[in-house]
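# A look at the structure
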Amino acid sequence: MRKSITVAGIAAACALAGGALYGTGTAGADAPTAKVTAEPYNIGKLVGDIKSYYGATQDADGTWRADPHSAYADDLARIEARAKKDIAKAAEQARHHRAKPAVVFDIDDTLLLSLDYEVRTNYVYNGATWAAYVAEADRPAVFGTPDLITYARSKGVEVFYNSGLTEAQRDAAVANLKKVGINTDFDARHLYLKNADDPPAYLSGCATAGAWKCTTVQYKSGTRKHIESLGYDIVGDFGDQQSDLDGGYADKTYKFPNPTYFVG
């Protein structure tokens, strides 16, 4: 479930503030079970810090953009440089063992940046406005990711997508990915989206027609397990949420930064 910054961001805010929000106390007749030891980090200040991290500014059309020279961009560049080294090594090993290496990417804020939506909605998620935003198919690429995918393919590594977007959003997702220069196979065998009306058999433990009960981890790891059942070795799994990466079925995982929301 996606949670807005007003809920999930508090934990990150406390880390930024440099201290724990609560200390454990001893319960008693007159004693609370916990006591406040520091004033919580101010949400307005946190929002300012997030904008600064992205180097967020508005262009002439009023769209919020991240700065390619921001701390956010620097963090991405370090992660992607390490990933390229790992991919090259894994691809070389795969050639010797006649294996089929693959990488798996989440889409939202892993390949397509939704910073403009987050800022304009004050970091509060709404299903209807989010769906309309995705349908515009006009999000910019997360810095460096089109090149990273091109690099993986140049090494003979198959590229898959494992997204929380719905099957109904497939056309918009494909159009947006192509728009930012990501041109790979986007058929149902490579691009996996949530389909609550007709979930795949490999998710039968948590999803049946019309009754989707999969957590993000169950859905994402179950899909990776399916990809590996096709004969691939997932050498890298990329996501902006820990729930994109947990659950196994990947040799290595790469967590992209995202301080704007939390998906559990």
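We now turn to the structure provided with this report. Keep in mind that what you see is a predicted model, and the values were worked out from it rather than measured.

## Concerning the sheet that holds strand E6 (residues 101-105)
Pairing between the strands of a sheet is mediated by backbone hydrogen bonds and can be parallel or antiparallel. Pairing in this open sheet of five strands is parallel, and the strands run E8-E7-E6-E11-E12 from one edge to the other. In this open sheet, the two edge strands, each paired with only one partner strand, are strand E8 (191-194) and strand E12 (253-255). Neighbouring strand axes in the sheet, compared pairwise and without regard to direction, differ in orientation by 15° on average. Here three bridges tie strand E7 (residues 158-166) to E8, and the two strands are oriented parallel to one another. Residue pairing for E8: Asn-162 is matched across the bridge by Tyr-192.

## Overview of the state of the cysteines
All chains considered together, the criterion is met by one disulfide. Disulfide pairing places Cys-206 opposite Cys-214 at an S-S distance of 1.9 Å. The disulfide joining Cys-206 to Cys-214 has a torsion of about 80° about its S-S bond and is therefore right-handed. Note on accessibility: Cys-206 and Cys-214 belong to one class, buried.

Procedures and definitions
- Residues numbered from 1 in each chain as written.
- Predicted model: local features only at pLDDT ≥ 70, side-chain atom pairs only at ≥ 80, totals over all residues.
- Heavy atoms only, no water.
- Pairing = 2+ DSSP bridges.
- Helix = DSSP H or I, 4+ residues; strand = E, 2+ residues; numbered from the N terminus.
- Axes fitted to C-alpha atoms, helices over the stretch in contact; angles between N-to-C directions.
- Disulfide = S-S within 2.5 Å.
- Buried < 20%, exposed > 50% of the residue type's maximum accessible area, 1.4 Å probe, protein only.

Limitation: the analysis is restricted to geometry and does not speak to function.
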